[in-house]
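Residue-level listing of the chains:
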Amino acid sequence: MDHFERRAGALCCEDVPLGRIVEAVGAPVYVYSTATLERHFRVFGEALRAHPALGRPLIAYAVKANSNQSVIATLARLGAGADTVSGGEIARALAAGVPAQKIVFSGVGKTQAEIAQALLAGILQINVESEPELETVAAIAAERRESARVAIRVNPDIVAGGHAKVETGAAASKFGVALADAERLYALAARHPWLEPAGLACHIGSQITGLAPLEKAFRRLRQLGDGLAAAGLAVPRYDLGGGLGAPYFQQPDPPGPSALADLAARVFAGAQADFIFEPGRVIAANAGALVSRVILIHQRPDGRRIAVLDAGMNDLVRPALYDAYHDIRPVITRAGAPSPYDVVGPVCESGDTFARERPLPPLAAGDLVAFMTAGAYGAVMASEYNSRPLVPEVLVRGASFAVVRPRGAVEEMIAREPLAPWLGGG
């Protein structure tokens, strides 16, 4: 469910017409709904708390999905933790009000500086993804004479995810340690004087639309945990990752948080552990839309209509990167039968195409359209390619809205690039 609805013919975010936001801020612009963010987080939490077998579940919002400070702060005020994958994301989470004891740090390429940053902040745990990384964390912890809480992230060799580029649990993936090595590394951490093994973790992909691969991964993780317990090694936490799919339009609806919670409770019954879940897309995707203006309609001799927008692949890269589908809705619908349009952006790349032959109501230059389900992996993956400034982000709450990231400027881009001294720079 989202809070983007038509009122008197105009597409609105909660109680604010999208056209009013464009009048104030310009287009293109990302718009987020507070009510949707809050509802999705609460539904997820209620599903988990319905199962005592899941202990004290922590919802660690996956910051990479949408790292806007106001989005993180909205969720932090509801009790969210943060799943982070860089030192920058740790800093963002802390700045937005996420307690350090609710922050998890994952990623295959943590630098020494980032590991030290995580230890200094006192975060909940570092999810270790290789033996060399475990050695690095141990060395830094020993040098600081400070215990480091680590979980071993396991690669369960399971293919899952909506696209090959978002699979993270297959054997060929760069993420996590092989199951065959996990028990040894966990025992190694338990013997080290400056490491505290906090549990096991896994994450097998993104935009997962069926529970079967998750169940297989959970069962392999449970089997590993039971083996460790039998060897006298406690497993106080299981980090079950994220990846639950969001309901993109014209695709089968993925299972909801209740189904995921039921599965986890069934697989881990009697485990006597706490659990971490790392939803990102399922929280943020339907909470956001990218609003863009039609620059022109170009009609080819063969009758094909091309709608050229002011938003490009640098603003929303998912269609170019993943062949992702986003529902496209006119902000004000014109009368007339739908007809097919190629919907493209202004970037000088053939890949800057959002849709081919998409049936849409009549469009004209100056019309506004909204790309739906754009709250996750939208603005956060944007770039300044073609020297196009980053678009603004707006957060709506009821009848109010605020710019939570202003539009960039070409002058700012140029100012960040001083000329070399031999070219006349200072």
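Here, every reference points to the structure presented above.
Residues numbered from 1 in each chain as written. Predicted model: local features only at pLDDT ≥ 70, side-chain atom pairs only at ≥ 80, totals over all residues. Heavy atoms only, no water.

Points about unusual backbone geometry
Formally: Helix and strand labels come from DSSP, where a helix needs a run of H or I of at least four residues and a strand needs a run of E of at least two; each type is numbered from the N terminus. Relative accessible area decides the class of each residue, using a 1.4 Å probe on protein chains only: under 20% of the type maximum gives buried, over 50% gives exposed, and in between gives partly exposed.
Cis rather than trans, the peptide bond between A27 and P28 has omega equal to -5°. As for its placement among the helices and strands, P28 is situated in the loop between helix 1 (18-25) and strand 4 (29-33). With a phi angle near 50°, E357 is a residue other than glycine that sits in the positive phi range. Residue position: E357 is located in strand 18 (residues 353-360). When its relative accessible area of 57% is taken as the criterion, E357 is described as exposed. Its identity as a non-glycine residue notwithstanding, N386 has a phi of 65°, on the positive side. Locating N386 in the fold gives a position in the loop between strand 19 (368-371) and strand 20 (393-397).

Observations concerning the packing of aromatic side chains
Under the convention used in this document: Put simply, two rings from Phe, Tyr or Trp (the six-membered ring, in Trp's case) pair if the centres are within 6.5 Å, and we call them stacked under 30 degrees between planes, edge-to-face over 60, tilted for the rest. By definition, being over a ring means that NZ of Lys or CZ of Arg is both within 6 Å of the ring centre and within 35 degrees of the ring normal.
Tallying each qualifying case throughout the model produces seven aromatic pairs. Note on F218 and F268: the rings are 6.0 Å apart at their centroids and 55° apart in plane angle, and the pair reads as tilted. One end of the pair, F218, is in helix 8 (residues 212-230); the other, F268, is in the loop between helix 9 (257-267) and strand 13 (274-277), and 50 residues separate them in sequence. In this structure an aromatic cluster arises from ring pairing among F218, Y238, F268 and F275. Above the plane of the ring of Y341 lies R305, whose end atom (NZ or CZ) is 5.9 Å from the centre.

Focus on the side chain of D327
What counts here: Here a polar contact means two N or O atoms within 3.5 Å. Within protein one must be a hydrogen donor candidate and the other an acceptor candidate, and residues neighboring in sequence count only if both atoms are side-chain atoms.
By secondary structure assignment, the location of D327 is in the loop between helix 11 (318-322) and strand 16 (328-330). Using a relative accessible area of 17% as the deciding quantity, one classes D327 as buried. A polar side-chain atom of D327 sits 2.9 Å from a polar atom in the side chain of R329.

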